[in-house]
Number of protein chains: 2
Amino acid sequence: MREVDLKVIPRTVLDLAAQNLRNAILNGVFRPGERMVEADLCQRLDVSRASLREALRILAAEKLITLVPNRGPSVAAISWDEAEEIYHVRAMLEGEAAFRAATRLDTAGLRAMQSALAEFDRAVARRDADLQIAATGRFYDAMLAGCGSGIIQELLHGLVARITFLRARSMRRPGRARESATELRRLLGALEACDARGARAAATEHVRLACETARTVFDDQRAA
Amino acid sequence: MREVDLKVIPRTVLDLAAQNLRNAILNGVFRPGERMVEADLCQRLDVSRASLREALRILAAEKLITLVPNRGPSVAAISWDEAEEIYHVRAMLEGEAAFRAATRLDTAGLRAMQSALAEFDRAVARRDADLQIAATGRFYDAMLAGCGSGIIQELLHGLVARITFLRARSMRRPGRARESATELRRLLGALEACDARGARAAATEHVRLACETARTVFDDQRAA
DNA sequence: AAAATAAGATTGTCAGACAATGTTGTCAAG
DNA sequence: CTTGACAACATTGTCTGACAATCTTATTTT
């Protein structure tokens, strides 16, 4: 018998509000830098101000919004320098995660990555950028889950969330998706071969290229 | 004329409450795993429940406390595996920070590190573990401030806070302080010589040794 | 002793209030 | 016409009080 997580996470109003807000921000419902008004959010999310403010604290901790006393919340606006730093650290951490995953990933983990990659390919064929992002997410989640470090997993999750914006735009860049697929395939290949160093190299290289693409995306957007 | 940060940070009740709680936890006023009662904290901190709960969200985001719905807050209890992961990631990030600092640190930064190290020596002579911790903190803060990556700085700050407990105990370990001083001196030497690789090596090695000491400390404490 | 139950404690959530602070628009002076 | 002062308005910071949902503990029953 398989142990499926029975512990049902109690979904509090607050959690839901935070989740909804998070999604809204990640999906670009609010524009970076845009100010948010508590009363307004309360109405839209249908929660009390007390609960909303707790939710805001959560998002602020995730750096998805900025909370300045007496000025209220605003959607976090990231500078390129900051984004670049994130990509850099991400490269390090993801490289390390890949390195570790190479010797720790079990069959189930590998299969999950393979299936995510297959889905990515389908998404590329269909030119569905959102699905591509989702598939990449699953691909990495599988790897991180099997890398043996909850801390790395946790840090990466936080960092990646902060550059979702750029990732989404990057995927829409012509040619980037196919390029990305090649890189992921190389990473997965290294993992399957238990080639830790190769996996690290593939992972860091992938992030490096993603960073380059993000750079042009960032500039383009700035122009507009 | 020197630019001193004029921007006075508005100190809200909530910030103060969070700060006080944070200090209390880091200083071991509460024991790991101990449950906290909101009403109780409200009285002690003299804030309303609404404000307190926001403060709790902040600490939860910092992983200093755990918040389980319907069960309230409890002081975070860390397992050795988790602590080891933190040390490992910390080694990576601090190594990278040192590497970058080697070519970016200015004279003022170096002087700050030197002065922190001097203070550390005095603390060692006096066998004042708390002062040692504080001096190490200043030492690293100076390095991180000059490493050119706010992200690394931010991540390290969060990680280190989660192992304060172990660090404090480790410093009290006979011989560890002096050993630590030697390692820091080596790191600073590399930075002064702009030897990036040497700096990285020194930094990671320092963390590695700290991790080993922490390990024995953790076990000892477990026995009691 | 184990299970069921009741009483008490604690949290989740809301509504409403008010002072402090920030924002905006108006108007007069330079 | 810009600049500054000032009033009017909007928004946030914080508190109080409340009540149902949930957890914990003590008590009773089997």
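Everything discussed here concerns the structure shown above.
Cut-offs used in this document
- Residues numbered from 1 in each chain as written.
- Chains lettered and ligands numbered in written order.
- Predicted model: local features only at pLDDT ≥ 70, side-chain atom pairs only at ≥ 80, totals over all residues.
- Helix = DSSP H or I, 4+ residues; strand = E, 2+ residues; numbered from the N terminus.
- Rg over C-alpha atoms; globule rule 2.2 N^0.38 Å.
- Least-squares fit on C-alpha atoms with pLDDT ≥ 70 in both.
- Contact = placed C-beta atoms within 7 Å.
- Expected span 1.5 Å × (residues − 1).
- Buried ≥ 20, exposed ≤ 12 C-beta atoms within 10 Å, placed from the backbone.
- Near = placed C-beta within 6 Å.
- Nonpolar A, V, L, I, M, F, W, Y, C, P; charged D, E, K, R; others polar.
- Arc of directions from axis to C-beta.
- Axes fitted to C-alpha atoms, helices over the stretch in contact; angles between N-to-C directions.
- Parallel < 35°, antiparallel > 145°, perpendicular 65-115°, else oblique.
- Core = buried A, V, L, I, M, F, W, Y, C linked by C-beta atoms within 7 Å.
- Pairing = 2+ DSSP bridges.

### What about the overall build of chain A?
Of the regular secondary structure elements, chain A holds 10 helices and two strands. Relative to the compact-globule value of 17 Å for 224 residues, chain A shows a C-alpha radius of gyration of 19 Å, a close match. In terms of overall dimensions, chain A has a C-alpha envelope of 55 × 55 × 30 Å along the principal axes.

### Concerning the relation of the copies chain B and chain A
When chain B is fitted onto chain A, the two copies agree to an RMSD of 0.0 Å after a turn of 180 degrees and an axial shift of 0.1 Å. What the rotation and shift describe, once combined, is the action of a two-fold rotation axis. Interface overlap between copies is the fraction of interface residues in one copy that are interface residues in the other; for chain B against chain A it reaches 100%, indicating a shared surface.

### Some remarks on helix H6 (residues 129–145) of chain B
Residues and elements named next belong to chain B. Here H6 is 17 residues long and its end C-alpha atoms lie 24 Å apart, about the 24 Å a rise of 1.5 Å per residue gives. Those residues of H6 not exposed but buried are Gln132, Ala135, Thr136, Phe139, Tyr140, Ala142, Met143 and Leu144. Looking at the buried positions of H6, the neighbouring elements they touch are helix H4 (80–104), helix H5 (107–126), helix H7 (150–161), helix H8 (164–172) and helix H9 (176–192).

### Here we look at the protein's contact with DNA strand D
Neighbouring DNA strand D are 16 residues, the closest being A:Gly72, B:Thr12, B:Val13, B:Ser48 and B:Ser51. Of all the secondary-structure elements, those providing two or more residues to the surface near DNA strand D are helix H2 (38–45) of chain A together with helix H1 (13–26) and helix H3 (49–61) of chain B. If you tally residues by element for the surface near DNA strand D, the top one is H3(B), at three residues. When grouped by side-chain class, the residues that make up the surface near DNA strand D number seven nonpolar, six polar and three charged.

### A closer look at H1(B)
Residue and element names in this part refer to chain B. Helix length check: H1 (14 residues) gives 20 Å between terminal C-alpha atoms against 20 Å at 1.5 Å per residue, within 8%. Residues of H1 that are buried: Leu14, Ala17, Ala18, Leu21 and Ile25. Burial along H1 is one-sided: seen end-on, the buried residues are contained in an arc of 95 degrees. Those residues of H1 hidden inside the fold are in contact with helix H2 (38–45), H3 and strand S2 (72–75). After H1 finishes, the residue glycine 28 shows a positive phi value of roughly 75 degrees.

### Structural notes on the packing of helix H4 (residues 80–104) of chain A against helix H9 (residues 176–192) of chain A
Residue and element names in this part refer to chain A. Where H4 contacts H9, the two axes come as close as 8 Å, and the packing angle between them is 40 degrees. Classed by the angle they form, the pair H4 and H9 counts as oblique. Facing H4, whose interface residues are Ala98, Ala101 and Ala102, H9 presents Leu187, Ala190 and Leu191. When the residues that make up the contact of H4 with H9 are grouped by side-chain class, the tally is six nonpolar, no polar and no charged.

### Here we look at the nonpolar core
Within the largest apolar cluster, 87 residues are counted, with the highest numbers of intra-cluster contacts made by A:Ala98 and B:Ala98. If we skip the residues at most four places from it in the chain, A:Ala98 touches A:Met143, A:Leu187, A:Leu191, A:Ala199, A:Arg200, A:Ala202 and A:Ala203. Counting 16 residues, the second largest nonpolar core, distinct from the first, contains A:Leu41, A:Leu52, A:Leu59 and A:Ala76.

### A few points about the protein's contact with DNA strand C
In the region of DNA strand C, 15 residues are neighbours, and A:Thr12, A:Val13, A:Ser51, B:Glu38 and B:Gly72 sit closest. Looking at the surface near DNA strand C residue by residue, the classes come out as seven nonpolar, six polar and two charged.

### A short note on the pairing of strand S1 (residues 65–68) of chain A
Residue and element names in this part refer to chain A. Note: S1 against strand S2 (residues 72–75), four bridges, orientation antiparallel. Looking at the pairing, isoleucine 65 lines up with valine 75 of S2. In textbook terms, the turn of a hairpin is the stretch between consecutive antiparallel strands, and for S1 and S2 this stretch comprises three residues, one of which, asparagine 70, has a positive phi near 70 degrees.

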